[in-house]
Amino acid sequence: CTSAPKPEFILSSDAVRAASTARFLLQALGIEPEFLSFDHGLYHASPPNIVAAARALPESITTAAIVGHNPGMTYAANDLVDNLDLDNLPTCGIVGIEFTAKRWQDLDTGALSYFDFPKNQEGPLLMNPGSA
C-alpha cells in the first residue's frame, strides 16, 4: 500500500523466514541492499531487546522497518504504541509507529500511524494519513 511511509532501512532477524521477508520488502520497496541489516539478537527477541535494537539504529536513518518474530513483536508493538492492545500481530503484519524522539537512542512510546496485515479484509488502518 502506498499510504504507508517507505522505510529507508530494514533491520531483520537472521532467521530464514524473517530474512526472506526482509529481502522481499527490500526488493518490493526498491531499497538498496546496503540498507538491509541482519541481527541474530532479534530471533525470538523480547520487547526490551527489540526496542534496544531500534535504539541502536543509525542516526542518519529517519524511517526504519524491523522484521522479527512473535510473540515479541506483538508485545513490543503494544509496549511502544499508546493505547494499543493487539492480541496477536498477524504473520507479515505491519505496525507503523510515529515517534516524537529526534534520535533513535531516545525512542520511547509513540502513536499508531498504520496497521495492516495480508488477510485484512477491511483495508489498512491509517491513524494519521496526512503524515504518510
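Keep in mind that what you see is a predicted model, and the values were worked out from it rather than measured. (Residues numbered from 1 in each chain as written. Predicted model: local features only at pLDDT ≥ 70, side-chain atom pairs only at ≥ 80, totals over all residues. Heavy atoms only, no water.)

1. Quick word on the overall build of the protein chain
Within the protein chain, the regular secondary structure consists of three helices and six strands. On C-alpha atoms alone, the protein chain measures out to a radius of gyration of 14 Å, which is about the 14 Å that the 2.2 N^0.38 rule sets for 132 residues. Reported as C-alpha extents along the three principal axes, the dimensions of the protein chain are approximately 30 × 30 × 25 Å. Split into buried and exposed, the 132 residues of the protein chain put 36% on the buried side. Surface accessibility of the protein chain: about 8100 Å² in total, with carbon and sulfur atoms responsible for 52%. Placing the 7 positive and 15 negative side-chain charges of the protein chain at their respective mean positions leaves the two points 5 Å apart. (Helix = DSSP H or I, 4+ residues; strand = E, 2+ residues; numbered from the N terminus. Rg over C-alpha atoms; globule rule 2.2 N^0.38 Å. Buried < 20%, exposed > 50% of the residue type's maximum accessible area, 1.4 Å probe, protein only. Areas by Shrake-Rupley, 256 points an atom, 1.4 Å probe, with all protein chains shown as cover. Lys, Arg positive; Asp, Glu negative; His and termini not counted. Charge placed at Lys NZ, Arg CZ, Asp CG, Glu CD.)

2. Observations regarding the nonpolar core
Counting residues in each nonpolar core, the largest one holds 23 residues, and the members touching the most others are Leu84, Leu86 and Val95. Elements with a contribution of two residues or more to this core: β1 (9-12), α2 (47-55), α3 (72-80) and β5 (111-116). Those residues within four positions of Leu86 in sequence are excluded, and the remaining contacts are Thr74, Ala77, Asn78, Val95 and Phe115. In this structure, Ala18, Ala22, Leu26 and Leu36 belong to the second largest nonpolar core, which totals eight residues. (Core = buried A, V, L, I, M, F, W, Y, C linked by side-chain atoms within 4.5 Å. Contact = heavy atoms within 4.5 Å.)

3. Details of the confidence of the model for the protein chain
This prediction gives the protein chain a mean pLDDT of 90; 92% of its residues lie at or above 70. Per-element confidence in the protein chain ranges from a low mean pLDDT of 70 for strand β6 (residues 125-126) to a high of 98 for β1. (pLDDT = per-residue confidence, 0-100.)

4. What about the pattern of salt bridges?
Inspection of every chain in the model, using the stated rule, returns one salt bridge. The shortest N-O distance in the salt bridge between Arg103 and Asp106 comes to 2.8 Å. (Salt bridge = Lys/Arg side-chain N within 4 Å of Asp/Glu carboxyl O.)

5. Focus on the packing of aromatic side chains
Scanning all chains against the criterion turns up one aromatic pair. Geometrically, the ring pair formed by Phe115 and Phe117 is tilted, given 5.6 Å between the ring centres and 45° between the ring planes. Take Phe115: its relative accessible area is 15%, and that puts it in the buried class. We classify Phe117 as partly exposed; its relative accessible area is 24%. (Phe/Tyr/Trp six-rings, centres within 6.5 Å; stacked < 30°, edge-to-face > 60°.)

6. Notes on the sheet that holds β1
What holds strands together in a sheet is hydrogen bonding between their backbones, with the strands either parallel or antiparallel. The three strands lie next to each other as β2-β1-β3, forming an open sheet whose pairing is parallel. Here the strands that pair on one side only, and so sit at the sheet edges, are β2 (36-38) and β3 (64-67). On average, adjacent strands in this sheet sit at an angle of 15° to one another, irrespective of strand direction. With three bridges joining them, β1 and β2 adopt parallel strand pairing. Following the sheet pairing, Ser12 is matched in β2 by Phe38. (Pairing = 2+ DSSP bridges. Axes fitted to C-alpha atoms, helices over the stretch in contact; angles between N-to-C directions.)

7. Focus on α3
Most of α3 is tucked away: seven of the nine residues are buried. Along α3, the residues that are buried comprise Gly72, Met73, Thr74, Ala76, Ala77, Asn78 and Leu80. Tucked into the core, α3 has its buried residues touching α2, β3 and β4 (94-98).

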